[in-house]
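Fold and contact review
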Amino acid sequence: MTVRRASRIPGLQRDDLVRGEAFIDGAWVGAESRISVENPADGLVVGDVPDLGAGEATQAVTAAQDAMPGWQTLTGKARGQVLRRWSELMLAHAEDLARIMTAEQGKPLAEARGEVAYAAAFLEWFAEEARRVNGDILTPHASDKRLTVLRRPVGVVAAITPWNFPLAMITRKAGPALAVGCTMVVKPSELTPLSALALARLGQEAGVPPGVFNVITGQAAPIGDVLTGDPRIRKFTFTGSTAVGKMLAARCMATVKRVSLELGGNAPFIVFDDADIEAAVDGAIASKFRNTGQTCVCANRFFVQAGIHDRFAAALAARVGGLRLGPGLIGAFDQGPLIDARAVAKVRAHIADAVGAGARILTGGQSATVGPLFFQPTVLVDVRPDALVNREETFGPLAAITRFETEAEAIRMANDTSTGLAAYVFTQDMSRGVRLSETLECGMVGLNAGLISTEVAPFGGVKESGMGREGSRYGLEDYLDLKLVCANVA
């Protein structure tokens, strides 16, 4: 079948990075049934990809299974060299990757460039870690025994990745998986498949062997049934909503797969009276309004101590009111569109609920005139602790501020949630910072910092925010099995 390529993204140096086919066993695979990919900034179609199903998903699993013996027997150094070339190619084509991402996802071009660098960093990091997958020699329990613990690749990995970070959420999984010797089948969001296919094209150029990294496009249900049900898949990794993650994990238990989940959050952002207001506002802008508020570690609940409340709220509203909205491909903007109409409706519902219970709008609160999926960045004050915005993840450009009096009250409100991904604390009292860091029920804490994600540190949550960690040396463990060798040397 002739390879189809989309060419409706302006300014690309390499049109061939926009693929119109899925990638299975080193080949580009098409179908008559297609899924259109739309730019949320203007609703225009920027490409289309095949709408594949269970049959093609099974083919991808077979390809990954067949490729694994050859891939895992390479030295860690050899696998790392491939990953490093892949990272270098991403950086060499960073502008094209960023434009593809902005076209299908909507984030400002500057943010998309930042994500490309972030995504490439995972491949670079795990390229270096590939040669450090070490085992252990244990003190034996008897004089005629020798005990060795090996770390072996878990097997074929299936990954379902989200639309909000369409490159980084793949490389954060593919980096460690491929580094230790696993092979992979990736199902990207049907909203943002073009980034994943561009990544596969560069992986092919970097020397990733056929079958080692496969990308299958299509609707979630039929592909997901294969990825959670096929017994040849030994590890399943998912980034997305808590509700969907629970369902997929339950299906994986039928074949007792290893599962890692990076799910929803409801991050508290706590500002104490002694905080540096300027630093706290900078942190709030970085955490809350990055990617138009569509991040799982996004600050969702703002708790500000009474003595600083009014000054912080006013300073934040002034900064938020100056954020520029517009289509990322045609100007230097700070905020792009939300991903779809449901996302806009959720922001509206959270604002209406809070205002209906007495909250006040300091800035924003309405749809923007730029386009139907653009919403004004919004700051609310006098928000009740039991407001909908404090109970649910908004996933949009809404900062809702609740006043508190004491440290104990802030901790109680912050921990009053079923999720526990990230939390942010701003205080100049380091003793308090240590206490909060240890007491908050979450997987990550930003202490006087609004950006916490990096390839060198573990990323993940507790409670219903998921299980397992990604990034850093800890990120290797989810892709490795321990094997004991007990040798009789008598």
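The coordinates are above.
Here goes a summary of the coordinates provided. (Residues numbered from 1 in each chain as written. Predicted model: local features only at pLDDT ≥ 70, side-chain atom pairs only at ≥ 80, totals over all residues. Heavy atoms only, no water.)

**Quick notes on the overall build of the protein chain**
Applied cut-off: Where helices and strands are cited, they refer to DSSP runs of H or I of at least four residues and of E of at least two residues respectively, numbered from the N terminus. In this setup the radius of gyration rests on C-alpha atoms only. A globule is expected at 2.2 Å times the number of residues raised to 0.38. With a 1.4 Å probe rolled over the protein chains alone, any residue whose accessible area is under 20% of its type maximum counts as buried; one over 50% counts as exposed, and the rest are partly exposed. Contact definition: two residues touch when any of their heavy atoms are within 4.5 Å. Method for areas: the Shrake-Rupley scheme with a 1.4 Å probe, in which residue coverage is limited to the protein chains shown. None of His or the chain ends enter the tally, which takes Lys and Arg as positive and Asp and Glu as negative. Each charge is placed at NZ for Lys, CZ for Arg, CG for Asp and CD for Glu.
Looking only at helices and strands, one finds 14 helices and 22 strands in the protein chain. Since a compact globule built from 490 residues should have a radius of gyration of about 23 Å, the 23 Å found for the protein chain is in line with a globular shape. Summarising its shape, the C-alpha atoms of the protein chain cover approximately 70 × 65 × 40 Å along the three principal directions. In the protein chain, buried positions account for 58% of the 490 residues. Residue pairs in contact within the protein chain that sit at least 24 positions apart in sequence constitute 72% of those at least 6 positions apart. Split by element, the accessible area of the protein chain, about 18,400 Å² in all, is 53% carbon and sulfur. Positive and negative charge centroids in the protein chain, built from 50 and 53 side chains respectively, lie 4 Å apart.

**Structural notes on the nonpolar core**
Rules: As used in this record, nonpolar core signifies buried Ala, Val, Leu, Ile, Met, Phe, Trp, Tyr and Cys residues forming a set joined through side-chain atoms within 4.5 Å.
Within the largest apolar cluster, 65 residues are counted, with the highest numbers of intra-cluster contacts made by Trp86, Met90, Leu178, Met184 and Phe213. With 10 residues, the top contributor of residues to this core is helix 4 (residues 109–129). Ignoring anything within four residues of it in the chain, the contact list for methionine 90 reads Leu97, Val116, Ala119, Ala120, Leu123, Leu167, Thr171, Leu199 and Leu202. Listed in part, the 33 residues of the second largest apolar core include Ala284, Cys296, Ala299 and Ile401.

**With respect to the packing of aromatic side chains**
For the record, the criterion: Two rings from Phe, Tyr or Trp (for Trp, the six-membered ring) form a pair when their centres are within 6.5 Å of each other. A pair whose planes differ by under 30 degrees is stacked, one over 60 is edge-to-face, and the rest are tilted.
Counted under the stated rule, the structure contains eight aromatic pairs. Considering the side-chain rings of tryptophan 86 and phenylalanine 213, the 5.1 Å spacing of their centres and the 75 degrees angle between planes classify their relative orientation as edge-to-face. Residue tryptophan 86 is located in helix 2 (residues 76–92), and its partner phenylalanine 213 is located in strand 9 (residues 213–215); the two are separated by 127 residues in the primary sequence. Residue tryptophan 86 is classed as buried on the basis of its relative accessible area, which comes to 0%.

**Re the pattern of salt bridges**
Using the following cut-off: The rule for a salt bridge is simple: a side-chain nitrogen of Lys or Arg has to be within 4 Å of a carboxyl oxygen of Asp or Glu.
Under the defined criterion, the tally for this structure stands at 34 salt bridges. Among the ionic pairs, glutamate 129 bridges to arginine 132, the shortest N-O distance being 3.0 Å. Glutamate 470 is paired through a salt bridge with lysine 173; the nearest N and O atoms lie 2.7 Å apart. Residue glutamate 470 is found in the loop between strand 21 (466–467) and strand 22 (480–488), and its partner lysine 173 is found in helix 5 (residues 168–180); the two are separated by 297 residues along the sequence. Glutamate 470 sits in the buried class, given a relative accessible area of 7%. Beyond isolated ion pairs, a larger network of salt bridges with shared partners links Arg8, Glu21, Arg34 and Asp48.

**Section: the sheet that holds strand 6 (residues 145–153)**
In a beta sheet, neighbouring strands pair by backbone hydrogen bonds and run either parallel or antiparallel. The condition that has to hold: For two strands to pair, DSSP has to find at least two bridges joining them. Here an angle of 0 to 180 degrees is reported between the N-to-C directions of two axes, which are lines fitted to C-alpha atoms, with helices fitted over the stretch in contact.
Within the open sheet, the three strands sit side by side as 5-6-22. Their pairing is antiparallel. The open sheet terminates on both sides in strands that have one partner only, identified here as strand 5 (136–138) and strand 22. Here the average twist between neighbouring strands, direction ignored, is 25 degrees.

This is a description of form; function is not addressed.
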